[in-house]
Amino acid sequence: MLLPKDRGFVHPKASEITPQPVYRSRRRWVATAAATLLAPRLAWAAGATAAPKGAVLVGAHSAVPGAITMDKPTSLADATGYNNFYEFGLDKSDPAEYAHTLKTRPWSVAIEGAVRRPGPLGIEDLLKLGAMEERVYRMRCVEGWSMVIPWVGFSLAELIRKVEPTGNAKYVQFVTLADRAQMPGLRSSVLDWPYVEGLRLDEAMNPLTLLTFGMYGQVLPNQNGAPVRVVVPWKYGFKSGKSIVKIRFVEQQPATSWSQAAPQEYGFYSNVNPTVDHPRWSQASERRIGEGGLFAKKRATLMFNGYEAQVGQLYAGMDLKKWF
Ligand code: MTE
């Protein structure tokens, strides 16, 4: 993510992009997914400060329409080594290097605002609120690169239904952890902390919006937003807030970090839209991380990142150039 005061889009060095073999071959991947029709197995002891590295978190292959893209998954090394998580630094390699200081246990998420059942939800209870599923989503960053990631979680709608929003709940805001003791990036004033994001209630209720606890069959690594984040596959990556501590149901469109920092560049909606350029660069194409490095042919970016059939109706009648 770049602010107007930055010098411009900095392309990653070729050495930062690891042309890795696929995460698993497609055949083996499908076989593994078929073998994981199990209830979530949480293989760590209660009371630990973190789930052990690589702890298993598997789910059934999702039946939600559009939830499993057949695009080749990005390598685990790229998905966990090339990240945006400004609380741990601005370079793509910083989160992998510094996020080990994040304590993910104990953890709770406060449910606030226009709901009949507000209150704190401990992470262990939150994990049990829905049936874990594996979803393979295309992810498109506003910076012009993309990945394909097998996430594990359940639809955010399952949580929303359980907390019973009132008629005043029109939007959902996600507030993420801001703790200087754990997050060295908070010393920078590049954003107002905590990092906040938001969705309209119907966007949050769309079955594709995933409350995410894992990836590649394991609990989320810290750099990818442990212990819980959202993933919204038809929007630019920055809408997918990491390490969430509060979910607020509100009547007015809530503040979101990037549109506060640079409102002319990052709108509230931020749907992936090849026809609406970022003011300083085109959004018509993207570079798939791991696909042949800097000189590989770019892919055409798809409307709503390819999820138009599932989410296009949410924006019927809206001028998407105005509501970018
Ligand atoms: N969440 C928090 N708390 N802080 C961040 O800096 N960056 C966003 C989003 N969520 C960010 C965040 C951006 S810009 C992107 S592209 C995605 O996380 C990256 O997610 P990934 O690193 O798991 O691919």
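Our subject is the structure listed above.
Treat the numbers as computed from the prediction; the structure is a model and nothing was measured. (Residues numbered from 1 in each chain as written. Predicted model: local features only at pLDDT ≥ 70, side-chain atom pairs only at ≥ 80, totals over all residues. Heavy atoms only, no water.)

1. Here's the deal with empty space enclosed by the protein
Applying the stated criterion to the full structure yields one cavity of 30 Å³ or more. Mapped by element, the contributors of at least two residues to the lining of the largest cavity are β4 (133-140) and β5 (145-155). Among the elements that make up the lining of the largest cavity, the one with the highest residue count is β5 (four residues). Considered class by class, the residues forming the lining of the largest cavity number 14 nonpolar, seven polar and four charged. (1 Å grid on protein atoms, 1.4 Å probe; cavity = no way out; pocket = protein on both sides within 12 Å on 5 of 7 lines; lining within 4 Å. Points joined across faces, edges and corners; volume = space filled by probe spheres on them. Helix = DSSP H or I, 4+ residues; strand = E, 2+ residues; numbered from the N terminus. Nonpolar A, V, L, I, M, F, W, Y, C, P; charged D, E, K, R; others polar.)

2. Some points on the pattern of salt bridges
Working definition: two side chains of opposite charge can pair if their charged atoms are close together. This structure, assessed with the given rule, holds 16 salt bridges. Aspartate 125 is the salt-bridge partner of lysine 128, the closest N and O atoms lying 4.0 Å from each other. Classification of lysine 128 by relative accessible area gives exposed; the value is 63%. Via salt bridges that share partners, Asp71, Arg140, Glu286, Arg288, Glu291 and Arg299 belong to a single interconnected network. (Salt bridge = Lys/Arg side-chain N within 4 Å of Asp/Glu carboxyl O. Buried < 20%, exposed > 50% of the residue type's maximum accessible area, 1.4 Å probe, protein only.)

3. Some details on the site of the ligand
Around the ligand, the structure places 17 residues, and the nearest of them are Asn83, Tyr86, Glu87, Arg229 and Lys242. Between an oxygen atom of the ligand and a side-chain N or O atom of asparagine 83, the distance comes to 2.8 Å. If the ligand stood free it would expose 530 Å²; the protein chains cover 97% of that surface. With respect to the pocket detection grid, the ligand is positioned in the largest cavity. (Near = heavy atom within 4 Å. Polar contact = N/O pair within 3.5 Å; in protein donor to acceptor, adjacent residues only side chain to side chain. Areas by Shrake-Rupley, 256 points an atom, 1.4 Å probe, with all protein chains shown as cover. Sits in = over half its atoms within 2 Å of the grid points.)

4. Examining the sheet that holds strand β11 (residues 244-250)
A sheet is described by the order of its strands in space; here five strands give the open sequence β3-β2-β11-β6-β7, paired in mixed fashion. The open sheet has two edge strands with one neighbour each: β3 (119-122) and β7 (196-200). On average, each strand axis in the sheet is inclined to that of its neighbour by 20°, with strand direction left out of account. The sheet contact formed by strand β6 (residues 171-176) and β11 spans six bridges and is antiparallel. Bridging from a neighbouring strand, tyrosine 171 pairs with valine 250 of β11. The sheet strands contacting helix α5 (residues 156-163) are β2 (108-113), β3, β6 and β11, and the helix crosses β11 at an angle near 60°. (Pairing = 2+ DSSP bridges. Axes fitted to C-alpha atoms, helices over the stretch in contact; angles between N-to-C directions. Contact = heavy atoms within 4.5 Å.)

5. A look at the environment of valine 219
With respect to the helices and strands, the residue valine 219 is situated in strand β9 (residues 218-219). Residue class for valine 219 comes out buried when judged on its relative accessible area of 12%. Linking valine 219 and alanine 55, residues 164 residues apart in sequence, is a C-alpha distance of 5.8 Å.

6. Comments concerning the pairing of strand β12 (residues 285-288)
Of the strand pairs in this sheet, β5 and β12 are connected by two bridges, and their pairing is parallel. Among the inter-strand pairings, tryptophan 145 is bridged to a residue of β12, identified as arginine 287. Across two bridges, β12 lies against strand β13 (residues 299-300) in antiparallel orientation. Within the sheet, the bridge partner assigned to glutamate 286 lies in β13 and is arginine 299.

7. A closer look at the nonpolar core
The biggest cluster of nonpolar side chains holds 72 residues, and the ones touching the most others in it are Phe213 and Phe249. Per element, the largest residue contribution to this core is six residues, and it comes from β5. Tyr86, Leu191, Tyr236 and Ala262 belong to the second-largest nonpolar core, a separate cluster that totals 13 residues. (Core = buried A, V, L, I, M, F, W, Y, C linked by side-chain atoms within 4.5 Å.)

8. A look at the packing of aromatic side chains
Working definition: an aromatic ring pair is given by the centre-to-centre distance plus the angle between the planes. Tallied over the full model, the rule gives 12 aromatic pairs. With a centroid separation of 6.1 Å and 80° between ring planes, the pair formed by tyrosine 137 and tyrosine 307 is classed as edge-to-face. Here tyrosine 137 is found in strand β4, whereas its partner tyrosine 307 is found in the loop between β13 and α8 (308-311), with 170 residues between them in sequence. The burial state of tyrosine 137 is the same as that of tyrosine 307; both residues are buried. Ring centres of phenylalanine 154 and phenylalanine 213 lie 5.4 Å apart, and the angle between their planes is 40°; this geometry places the pair in the tilted category. Of the two residues, phenylalanine 154 sits in strand β5 while phenylalanine 213 sits in strand β8 (residues 210-215), which places them 59 residues apart along the sequence. Comparing phenylalanine 154 with phenylalanine 213 shows no difference in burial state: the two are buried. Within the aromatic cluster, the residues linked to one another by ring pairs are Tyr171, Phe268, Tyr269, Phe304, Tyr315 and Trp323. (Phe/Tyr/Trp six-rings, centres within 6.5 Å; stacked < 30°, edge-to-face > 60°.)

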